[in-house]
Amino acid sequence: MEVKCIIFDCDGVLVDTEKIGNGILLSMAAEHGFEMKIEDAYRDFNGRNLKECFEHIETAIDRKLPESFENEYREKSFEAFKTQVKPMKGVFEFIEKLKIPYCVASSGPVEKIRLNLEVAGLLEKFEGKIFSSYQIKSWKPEPGIFLHAAKEMGFEVKDCVVLEDSKAGVKAGISGGFKVYGFANGYNNEDLENEGAILFHTYEELSDLLGI
């Protein structure tokens, strides 16, 4: 396969946000009687939209979360992201080597994607090629966001690869017909592989796998 376009997920692939976001969510949910280990949150929440995460929590505690919960979570996480987000190790060097088009496709709102990329110093690399599930009202594990990104970038599915770190994201890519590379972080290895992803642990390793 000749790769003509790379579709990056954002959180956990371009920027290191998963620990921040999950930590805040678990801390807030604990106030309502919900308990979960951070490694389980990586597996169950990463790549999913907030509504599904909240429904998971509500099912576990057998009651609705307060109406203010979502706004409070977004406010707290946005404040944390403004100062704590960092680029994933090796991503700058990887992007600098790319001679083919690339973009980012994420389940998060556009403003969140842009904020995280900006704080991490990556926004200028992705201007004009940021795609959000909120734009098309289709969230992972549905393949819509990746199909949308490929179409907007002007490529067929067979010419693109997807980079993901979540089970939901890999499911979305595979069901859309994409070849998916899974960014293994120690918590997600088995889940990503079981869903059909080709694992990589560093951007240097991915460069070798893609021949970049």
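Whatever comes next refers back to the structure up there.
**Student:** Even after reading the chapter, I still don't get the sheet that holds strand β6 (residues 160–164), so can you show me in this structure?
**Tutor:** Paired through their backbone hydrogen bonds, the strands of a sheet run either parallel or antiparallel. Reading across the sheet, the six strands line up as β5-β4-β1-β6-β7-β8 and stay open at both edges, with parallel pairing between neighbours. The open sheet has two edge strands with one neighbour each: β5 (130–132) and β8 (198–200). Averaged over all neighbouring strand pairs, the angle between strand axes comes to 25 degrees, with direction disregarded. Inspection of the sheet shows strand β1 (residues 5–8) paired to strand β4 (residues 102–106) by three bridges, in the parallel sense. Its bridge partner being in β4, Ile 6 is matched across the sheet by Tyr 102. The sheet contacts of helix α12 (residues 203–210) involve β1, β6, β7 (179–183) and β8, and relative to β8 the element is tilted by about 140 degrees.

**Student:** What's the story with the packing of helix α4 (residues 69–84) against helix α6 (residues 110–119) in this structure? I'm lost.
**Tutor:** Geometrically, a packed helix pair is captured by the angle between its two axes and the distance between the axes. Interaxial distance between α4 and α6 falls to 8 Å at its minimum, and their mutual angle equals 25 degrees. Between α4 and α6, the angle falls in the class roughly parallel. Counted together, Phe 78, Phe 81 and Lys 82 of α4 and Glu 111, Lys 112, Leu 115, Asn 116 and Val 119 of α6 form the full contact between these two elements. Here the residues of the contact of α4 with α6 sort into four nonpolar, one polar and three charged.

**Student:** Would you mind showing me how to read the packing of aromatic side chains here?
**Tutor:** Aromatic ring pairs are reported here in terms of the distance separating the ring centres and the angle at which the planes meet. Considering all chains together, one arrives at 12 aromatic pairs under this definition. The interplanar angle of 40 degrees and the centroid separation of 5.0 Å between the aromatic rings of Phe 94 and Tyr 203 together place this pair among those described as tilted. Taken together, the residues Phe 94 in helix α5 (residues 91–97) and Tyr 203 in helix α12 connect sequence positions 109 residues apart. Judged by its relative accessible area of 1%, Tyr 203 falls in the buried class. Relative to Tyr 203, the ring of Phe 183 has its centre 5.4 Å away and its plane inclined at 85 degrees; by these criteria the two rings are edge-to-face. Taken together, the residues span a long stretch of sequence, with Phe 183 in strand β7 and Tyr 203 in helix α12 at a distance of 20 residues. For the pair Phe 183 and Tyr 203, one class covers both residues: buried. Feature note: the residues Phe 8, Phe 94, Tyr 102, Phe 126, Phe 183, Phe 200 and Tyr 203 constitute an aromatic cluster, connected by ring pairs. Lying across the ring of Tyr 102, Lys 129 places its NZ or CZ 3.8 Å from the centre.

What counts and how
- Residues numbered from 1 in each chain as written.
- Predicted model: local features only at pLDDT ≥ 70, side-chain atom pairs only at ≥ 80, totals over all residues.
- Heavy atoms only, no water.
- Pairing = 2+ DSSP bridges.
- Helix = DSSP H or I, 4+ residues; strand = E, 2+ residues; numbered from the N terminus.
- Axes fitted to C-alpha atoms, helices over the stretch in contact; angles between N-to-C directions.
- Contact = heavy atoms within 4.5 Å.
- Parallel < 35°, antiparallel > 145°, perpendicular 65-115°, else oblique.
- Nonpolar A, V, L, I, M, F, W, Y, C, P; charged D, E, K, R; others polar.
- Phe/Tyr/Trp six-rings, centres within 6.5 Å; stacked < 30°, edge-to-face > 60°.
- Buried < 20%, exposed > 50% of the residue type's maximum accessible area, 1.4 Å probe, protein only.
- Lys NZ or Arg CZ within 6 Å of the ring centre and 35° of its normal.

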